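Residue strings, one per chain:
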Amino acid sequence: MMLNKNTKTNLGALLLRLGLIDEDQLEHAMNEHQRTGIMLSKILVRLGMVSEDALTQILGTQMQSTMKMRLGEMLLQQGYITEAQLEKALEEQKKTGQRLGRTLVMLGFLPEERLIEILSAQLDVPFIKLESFTFDEDASTHLSDEICRRYDVVPLFVANKTLTIAMADPTNIRVVDIVKFKSRMDVDIVMASKKEIQAAVDKMYATSSEQESLADLIRDGDDELETVERGADSSVNEPELTDEEGQQVVKIVTTLIHEAIARGASDIHLEPQETHLKLRYRIDGDLQLQPPIPARLMPQILSRIKLLSKMDIAEKRKPLDGRFTVRYKGSEVDLRVSSFPVSLRKRGVCEKIVMRILDPNSGQFPLREMGFDPRVLKQFLEAINLPNGIILVTGPTGSGKSTTLYASIREIIDSTTNISTMEDPVELNIDGVNQGQINNAAGFTFAAGIRALLRQDPDVIMIGEMRDTETSSMAIEAALTGHLVFSTLHTNDAAGSFPRLLEMGLEPFLVSTAIKGVLAQRLVRRICKHCKEPVEISEELRADLHLTPDMQFYHGKGCSKCDGSGYKGRCGIYEFLVPNEGVRNLILKRASGDEIKRTAIKECGLITLRMDGIQKALAGLTTLEQALSASTRDD
Ligand SMILES: [Zn+2]
């Protein structure tokens, strides 16, 4: 498109003139541009030569000023407007800051249709009438309702990985950039009138905005308490549902999954009660109660989920697991589902179902963006680049251990190493890594897996968890025979993993030699940046924690962006223990975790979970309260 070509050729010269880059930088960027074919502007940003904000601003003004000249002159030349009208419009424009074209339309000097025709010809952007356009339904999944309304754009269709959008003002490069960023696609532009775009957006997103909320859906069912014979098998007297109710079940299941994903939940819990089906979402680590689902629909809802997960629907007395994939806003989201039979006094055996939403973006975080203290990051990078030894990640379930392990593997992956994993379950696929799925029933246990893997000439092995003595001793053996091993362990802190391994019956000498580093981590809730404010800390607490009066802490006071909770998202706190000789000697002496921790603080400069938590609270990332509850005292 002409628009891009113009900006591409002029951009370098313009930035040079403005003194934002020098000639060497431009040459370097141009070479990269020619080599990779990536837009010059992107390369400049990526190389850190120009900030993205500065660039969009410059491009925006540049386009606008050239447009202004050309458009005004051209309209005058071609007799669409008079000189007096142009002057009046330019004057008006100074007051309102609106574009010239729009000002002319506003003053009634030019019909909007005509303006669009002219702009379209001038910019070489096709102009279309949206009224007669048939929209690709899928297109709406690439841009949110909100973006469309805010910037007056509407997605039309996708072809060859390019999203075609209609916009009223194609000279607004900032909007094009925003659409590119949000849709993660190349973008082609056509023009349409603002009015038609707004009408099209209303039509396109009507279904989603008018879609019933989950609460509405469930409220429809009349919720009378059913009496079920004590101990009766719930499958025997499942009430027959009408077609309409059957459709309602499908709708409820779809809606509750979509709602959970939209709200960033990690798990969906469905728990049968005597009078209803309890629904909870785990969001940022906390379970949040949702409106109850009528008991009448309970069996069908559970069956529907089991059917989707390819579980045996007839089997209700054994724990089962399965998985399925849903499409949400254009991307695929995997759900891992497990059922667990529970016994209710009146209903008898029912199944509790938990769906884990596997975030396709988790594990995509580079290690460098995971919030490590720079000193810790340096140590950790050194450790994961060692040729052999064990690196452990510890913490309770849901502390982000897998994310860290995946990020570590991504960090060290290259074509010359053979990286294999044994996971239970495989949560996320990494290109170039052989990922094994543990299947205890079939005899593919962690221990059997390591044995088999060692015959596969591995360099790096990731073992989902050091669950038992056999697995742990094989992991140590692998580490001592020249392999780098990643694994996890359930302990409260880094130092605690040494006594834990000895309790499993491993030899102190082997443990002290093989373990090269232990990372303990927790996830704490991040303060909502929209309502963050300083908070007072009591004198007692300051004294207790040895905090000086100048240390300022923060909290979120609650706003619409965070549903009033004051928190949005989570961040990690870490402690990384690299054993020195002192620590190794303590392991040989079977010292306690506390003793090892004290020595590590003194001799290895260990930054503990508590210290890192307080650091992150001081930095305003989390609250002091969160930092304290996620860590224990160091003294
Ligand atoms: Zn907030």
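Below you will find a few notes about this structure. Computed from a prediction, not measured in an experiment: that's the story for all the values here.

1. Describing the side chain of Glu-196
(1) Moving on: Tracing the sequence through the fold places Glu-196 in helix 10 (residues 194–210).
(2) Moving on: For Glu-196, a relative accessible area of 11% translates into the label buried.
(3) Moving on: Ignoring any residue separated from it by four or fewer positions in sequence, one finds Glu-196 in contact with Ile-128, Lys-129, Leu-130 and Glu-131.

2. Looking at the pairing of strand 6 (residues 286–289)
(1) Moving on: Bridge count between strand 5 (residues 276–283) and strand 6: 4 bridges; the pairing is antiparallel. Within the sheet, the bridge partner assigned to Arg-280 lies in strand 6 and is Leu-289.
(2) Moving on: If you look at the hairpin formed by strand 5 and strand 6, you'll find 2 residues sitting between the two strands, and Asp-284 has a positive phi there, around 50 degrees.

3. Here we look at the coordination of the zinc ion
(1) Moving on: Looking at the metal site, the zinc ion is ligated by Cys-528 (SG), Cys-531 (SG), Cys-559 (SG) and Cys-562 (SG), spaced 2.3 Å from it.
(2) Moving on: Around the zinc ion sit 4 donor atoms, and with donor-metal-donor angles ranging over 108 to 111 degrees the site reads as tetrahedral.
(3) Moving on: Owing to a relative accessible area of 4%, Cys-562 belongs among the buried residues under this scheme.

4. A word on the packing of aromatic side chains
Geometrically, a pair of aromatic rings is defined through the distance of the ring centres and the angle of the planes.
(1) Moving on: This structure, assessed with the given rule, holds 3 aromatic pairs.
(2) Moving on: Their ring planes at 25 degrees and their centres at 4.0 Å tell us that Phe-372 and Tyr-574 sit as a pair that is stacked. With a gap of 202 residues between them, Phe-372 in the loop between strand 10 (348–358) and helix 14 (374–384) and Tyr-574 in strand 19 (residues 567–577) connect regions that are remote in the sequence.
(3) Moving on: Classification of Phe-372 as buried rests on a relative accessible area of 9%.
(4) Moving on: Using a relative accessible area of 4% as the deciding quantity, one classes Tyr-574 as buried.
(5) Moving on: An angle of 80 degrees between the planes, with centres 5.1 Å apart, marks the rings of Phe-380 and Phe-576 as edge-to-face. Here Phe-380 is found in helix 14, whereas its partner Phe-576 is found in strand 19, with 196 residues between them in sequence.
(6) Moving on: Overall, the relative accessible area of 1% leaves Phe-380 in the buried class.

5. What about unusual backbone geometry?
(1) Moving on: Of the consecutive residues Asp-424 and Pro-425, the connecting peptide bond is found in the cis state with omega at 0 degrees.
(2) Moving on: Following the sequence through the fold, Pro-425 ends up in the loop between strand 12 (419–423) and strand 13 (434–437).
(3) Moving on: Its identity as a non-glycine residue notwithstanding, Asp-152 has a phi of 55 degrees, on the positive side.
(4) Moving on: Note that Asp-152 resides in the loop between helix 8 (145–151) and strand 1 (153–159).
(5) Moving on: A positive phi angle is found at Asp-284, which is not glycine, with a value near 50 degrees.
(6) Moving on: Mapped onto the secondary structure, Asp-284 falls in the loop between strand 5 and strand 6.

6. What to know about the side chain of Ser-512
(1) Moving on: You can see Ser-512 is positioned in helix 19 (residues 508–514).
(2) Moving on: Since its relative accessible area comes to 5%, Ser-512 is described here as buried.
(3) Moving on: Residue contacts for Ser-512: discarding those within four places in its chain leaves Arg-584, Ile-587 and Leu-588.

7. Some thoughts on helix 2 (residues 23–36)
(1) Moving on: With 14 residues, helix 2 should cover 20 Å at 1.5 Å per step; its first-to-last C-alpha distance of 20 Å lies within 8% of that length.
(2) Moving on: Residues of helix 2 that are buried: Leu-26, Ala-29 and His-33. Burial along helix 2 is one-sided: seen end-on, the buried residues are contained in an arc of 70 degrees. Helix 2 presents Asp-24, Glu-27, Gln-34 and Arg-35 as exposed residues on the side facing more than 90 degrees away from its buried surface.
(3) Moving on: Remark: Gly-37 follows helix 2 within two positions and exhibits a positive phi of approximately 75 degrees.

8. Considering the pattern of salt bridges
(1) Moving on: The tally for this structure, following the rule as stated, stands at 19 salt bridges.
(2) Moving on: Here Arg-280 and Glu-271 are joined by a salt bridge, their closest N and O atoms 2.9 Å apart.
(3) Moving on: For Glu-271, a relative accessible area of 10% translates into the label buried.
(4) Moving on: Salt-bridge contacts for Asp-373 lead to Arg-375; the nearest nitrogen and oxygen are separated by 3.1 Å.
(5) Moving on: The class for Asp-373 is buried, based on a relative accessible area of 14%.
(6) Moving on: When salt bridges that share partners are traced, they join Asp-424, Glu-465 and Arg-467 into one network.

Definitions and cut-offs
- Residues numbered from 1 in each chain as written.
- Predicted model: local features only at pLDDT ≥ 70, side-chain atom pairs only at ≥ 80, totals over all residues.
- Heavy atoms only, no water.
- Helix = DSSP H or I, 4+ residues; strand = E, 2+ residues; numbered from the N terminus.
- Buried < 20%, exposed > 50% of the residue type's maximum accessible area, 1.4 Å probe, protein only.
- Contact = heavy atoms within 4.5 Å.
- Pairing = 2+ DSSP bridges.
- Donors = N, O, S within 2.8 Å, 3.2 Å for Na, K, Ca; no water.
- Tetrahedral: all angles 85-135°; square planar, octahedral: opposite > 155°, others 65-115°.
- Phe/Tyr/Trp six-rings, centres within 6.5 Å; stacked < 30°, edge-to-face > 60°.
- Expected span 1.5 Å × (residues − 1).
- Arc of directions from axis to C-beta.
- Salt bridge = Lys/Arg side-chain N within 4 Å of Asp/Glu carboxyl O.

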